[in-house]
Amino acid sequence: MQLNSLSLSHLRNLHAIQLELNPQLNIFWGENGGGKTSLLEAVHVLGTGRSFRASQSRQIITFGQGVCRVSGVVSSHNPETLASPVRLGVERALSGTIKMRVGEQDCHSIATLAQTLPLQLINSESYDLLEASPQLRRQFLDWALFHVEHSFYPTWQRFKRVLEQRNAAIKAMNANTAGIRAWDKELIETGEEIDSARRAILQELSPIFSETLKSLLSLTKETVVQYSSGWGEEDSLAQAIEKSLERDRAWGYTTMGPQRADLEFLIGKVPAKNLLSRGQLKLFICSLLMARAILLYRRQGRRCVFLVDDLNSELDHKASERLIEALLNLGGQVLVTSIDSAHLTKVLRGKEYSLFQVEAGNIFS
């Protein structure tokens, strides 16, 4: 997929913007505070309905305005995935309401936006994938499942609903065993489906990741991705749920299940986050995101749009050049920000791209 054009108004410090984008590489450069990251944020809002920098609408709407709007035209080189260009639109209001449109129809599901404009974000918070809570690593895996396995999302929704109901039963003042166990059958059924799907997608994703990693980093030891299900490997989920009932009561929530799953990335037998430098970690994470994009293309014929904020952060010229080259080789569209135009000149030698200068909320081509 590619974003042909982008229009926005009243988003942070950006003025009313209308851009025609290069189908391959787009560079936005300028001093800090000019609006480069906000531009990527606008694309993220268009593709997901939400910001990657703020949870509340009031934080992204220009001061003194009631709504911000983002729209754009999306097309595909593969007519089987998108026969003709489609316009997307998202409006977020101070009240918290979100209005979305796909084509000529109102859209009531963020999932529809995400399917139409699949995005991969590389920014300073990407390091959290390895360093922060397991929830982010589960989301990394579930993103791939959401996009390539149509049955996964409704199963995940069912599991989330029954988990909430079981936790409510555990916390109830008059909680009893029968009331808690009433939810176990569906919890186990959907939980095992999620676990099985995660294992299958990881088995498919891992060799792709190994190949993408080789294009960015030279490592002497094998990289291994280990998956833990969220309960003891020696037990089935049904056994784990049965054994953990009293602990669940004591702690006030369901302690076993796929909502506790995690991934660990090892180089040799050492966690990657303990072995790699910041620059190497950035390339490591980029390799993971690239692997997801390749998997999506192989399974669905759809390409991702990559949003790369502050390209030269943590990377030297050679590493930056390798990253851009690898992203372009995926055949998708790349939007990059940078503060260093001299750095960009070296990195972009011989490549076709569109260059935009961002200054005080304005964008100049």
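Look up: the structure comes first, before these words.
This structure is a prediction, so every number in the text was calculated from the model and none was measured.

A.B. asks: What exactly am I supposed to notice about the overall build of the chain here?
C.D. replies: A tally of regular secondary structure across the chain gives 13 helices and 15 strands. Computed over its C-alpha atoms, the radius of gyration of the chain comes to 22 Å, within 12% of the 21 Å expected for a compact globule of 365 residues. In the chain, which comprises 365 residues, the proportion classed as buried is 53%. The long-range fraction of contacts in the chain, counting pairs at least 24 apart against all pairs at least 6 apart in sequence, stands at 73%. For the chain, the accessible area works out to roughly 17200 Å², and carbon and sulfur atoms hold 49% of it. The averaged location of the 39 negative side-chain charges in the chain is 2 Å from the averaged location of its 41 positive side-chain charges.

A.B. asks: Hey, could you run me through the pattern of salt bridges in this one?
C.D. replies: In a structure, side chains of opposite charge can pair up when their charged atoms sit close to one another. For the structure shown, the criterion picks out 23 salt bridges. Here Glu41 and Arg12 are joined by a salt bridge, their closest N and O atoms 2.6 Å apart. Residue Glu41 is found in helix α1 (residues 36–48), and its partner Arg12 is found in the loop between β1 (2–9) and β2 (17–20); the two are separated by 29 residues along the sequence. No difference in accessibility class separates Glu41 from Arg12, as the two residues are buried. Salt-bridge contacts for Asp262 lead to Arg137; the nearest nitrogen and oxygen are separated by 2.6 Å.

A.B. asks: How do you make sense of the sheet that holds strand β14 (residues 354–359) when you look at a structure like this?
C.D. replies: The six strands lie next to each other as β8-β12-β13-β3-β14-β15, forming an open sheet whose pairing is mixed. Lying at the two open borders of the sheet, with one neighbouring strand each, are β8 (119–122) and β15 (362–364). With strand direction ignored, the average angle separating the axes of adjacent strands in the sheet is 20 degrees. Looking at chain direction, strand β3 (residues 25–29) and strand β13 (residues 333–338) are connected through five bridges and run parallel. Across the sheet, Asn26 pairs through a bridge with Leu335, a residue of β13.

A.B. asks: Could you clarify how one ought to interpret the sheet that holds strand β9 (residues 223–228) in this entry?
C.D. replies: Two orientations exist for strands paired in a sheet by backbone hydrogen bonds: parallel and antiparallel. With respect to topology, three strands assemble into an open sheet ordered β9-β10-β11, the strand pairing being antiparallel. The open sheet has two edge strands, β9 and β11 (270–271), and neither has a second partner. Sheet topology note: the β9/strand β10 (residues 262–267) ladder contains six bridges and is antiparallel. The partner of Gln226 across the bridge, within β10, is Glu264. Along the sheet, helix α7 (residues 184–216) contacts β9 and β10; its crossing angle with β9, the most-contacted strand, is approximately 165 degrees.

Each value, and the rule that gives it
Residues numbered from 1 in each chain as written. Predicted model: local features only at pLDDT ≥ 70, side-chain atom pairs only at ≥ 80, totals over all residues. Heavy atoms only, no water. Helix = DSSP H or I, 4+ residues; strand = E, 2+ residues; numbered from the N terminus. Rg over C-alpha atoms; globule rule 2.2 N^0.38 Å. Buried < 20%, exposed > 50% of the residue type's maximum accessible area, 1.4 Å probe, protein only. Contact = heavy atoms within 4.5 Å. Areas by Shrake-Rupley, 256 points an atom, 1.4 Å probe, with all protein chains shown as cover. Lys, Arg positive; Asp, Glu negative; His and termini not counted. Charge placed at Lys NZ, Arg CZ, Asp CG, Glu CD. Salt bridge = Lys/Arg side-chain N within 4 Å of Asp/Glu carboxyl O. Pairing = 2+ DSSP bridges. Axes fitted to C-alpha atoms, helices over the stretch in contact; angles between N-to-C directions.

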